[in-house]
Amino acid sequence: TVVAFDSFRFVIKGGLAGAAVYVAYDQGLLGSGTQGAEALKKAQAALPPAIQEWTRYIGWEVSTLPPTPKFDFSPSDSWNKGVQTVMSALSVAPTRACEYTVEGWKYVKDLVK
């Protein structure tokens, strides 16, 4: 029975993971940066009404909840900034490697003296 229970848990977790990947793909999150930005805009537009509906269902007053956060996030800008940072680091890597090598040799020579 333990093996059957573990197999059942594996199937449930695999199904949830597959569903999450499908929803992400269906909403355009796995596409280009512009598709991701559009999906984020759709989520920002849908979030406040969904929270209000959920609070009415639960019976909470909306005034007791904090306001919904405003996201000022652009996936394409963040991606571009990340690419620029990596390329900048790679462009100075040979110079830095030479500097660190010289410093390392000086340190080793000082230890040997």
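Residues numbered from 1 in each chain as written. Predicted model: local features only at pLDDT ≥ 70, side-chain atom pairs only at ≥ 80, totals over all residues. Heavy atoms only, no water.

Overview of the overall build of the chain
Okay, so step 1: Counting its regular elements, the chain contains 3 helices and 0 strands.
Okay, so step 2: Shown N-terminal to C-terminal, the secondary structure of the chain runs as helices and strands in the order α-α-α.
Okay, so step 3: Sorting the 113 residues of the chain into buried and exposed places 5% on the buried side.
Okay, so step 4: Approximately 9900 Å² of the chain is accessible, and the part contributed by carbon and sulfur atoms is 66%. (Helix = DSSP H or I, 4+ residues; strand = E, 2+ residues; numbered from the N terminus. Buried < 20%, exposed > 50% of the residue type's maximum accessible area, 1.4 Å probe, protein only. Areas by Shrake-Rupley, 256 points an atom, 1.4 Å probe, with all protein chains shown as cover.)

Considerations on the environment of Gln-27
Okay, so step 1: Position of Gln-27 relative to the elements: it lies in the loop between α1 (2-26) and α2 (33-58).
Okay, so step 2: Sequence spacing of Gln-27 and Glu-38 is 11 residues, and the spatial spacing of their C-alpha atoms is 9.1 Å.

Side note on the pattern of salt bridges
Okay, so step 1: A full pass over the atoms with the stated rule returns 1 salt bridge.
Okay, so step 2: Notably, a salt bridge pairs Glu-99 with Arg-96, separated by 3.7 Å at the nearest N-O pair. Here Arg-96 and Glu-99 lie together in helix α3 (residues 75-112), a separation of 3 residues that amounts to about one turn. (Salt bridge = Lys/Arg side-chain N within 4 Å of Asp/Glu carboxyl O.)

Details of the confidence of the model for the chain
Okay, so step 1: Averaged over every residue, the pLDDT of the chain is 78; the share at 70 or more is 81%.
Okay, so step 2: Per-element averaging of pLDDT across the chain places α2 at the bottom with 73 and α3 at the top with 85. (pLDDT = per-residue confidence, 0-100.)

Quick look at a nonpolar patch on the surface
Okay, so step 1: Side chains of Trp-105, Tyr-107, Val-108, Leu-111 and Val-112 sit close together on the surface and give an oily, nonpolar patch of about 600 Å² of accessible area.
Okay, so step 2: Looking at the secondary structure, you find Trp-105 in helix α3.
Okay, so step 3: Judged by relative accessible area, Trp-105 falls into the exposed class, the value being 56%. (Patch = residues over 30% accessible without salt bridge, like charges linked within 9 Å, V, L, I, M, F, W, Y side chains within 5 Å.)

Structural notes on α2
Okay, so step 1: For α2, built from 26 residues, the straight-helix expectation of 38 Å at 1.5 Å per residue is met to within 8% by its first-to-last C-alpha distance of 36 Å.
Okay, so step 2: For α2, the principal kink sits at Leu-47 and spans about 30°; a proline, Pro-48, occurs within the next four residues.
Okay, so step 3: Those residues of α2 that sit buried are Gly-36, Ala-37, Ala-39 and Thr-55.
Okay, so step 4: A positive phi of about 105° marks Gly-59, the residue just after α2. (Expected span 1.5 Å × (residues − 1). Bend = angle between axes of the 7 residues up to and from the residue.)

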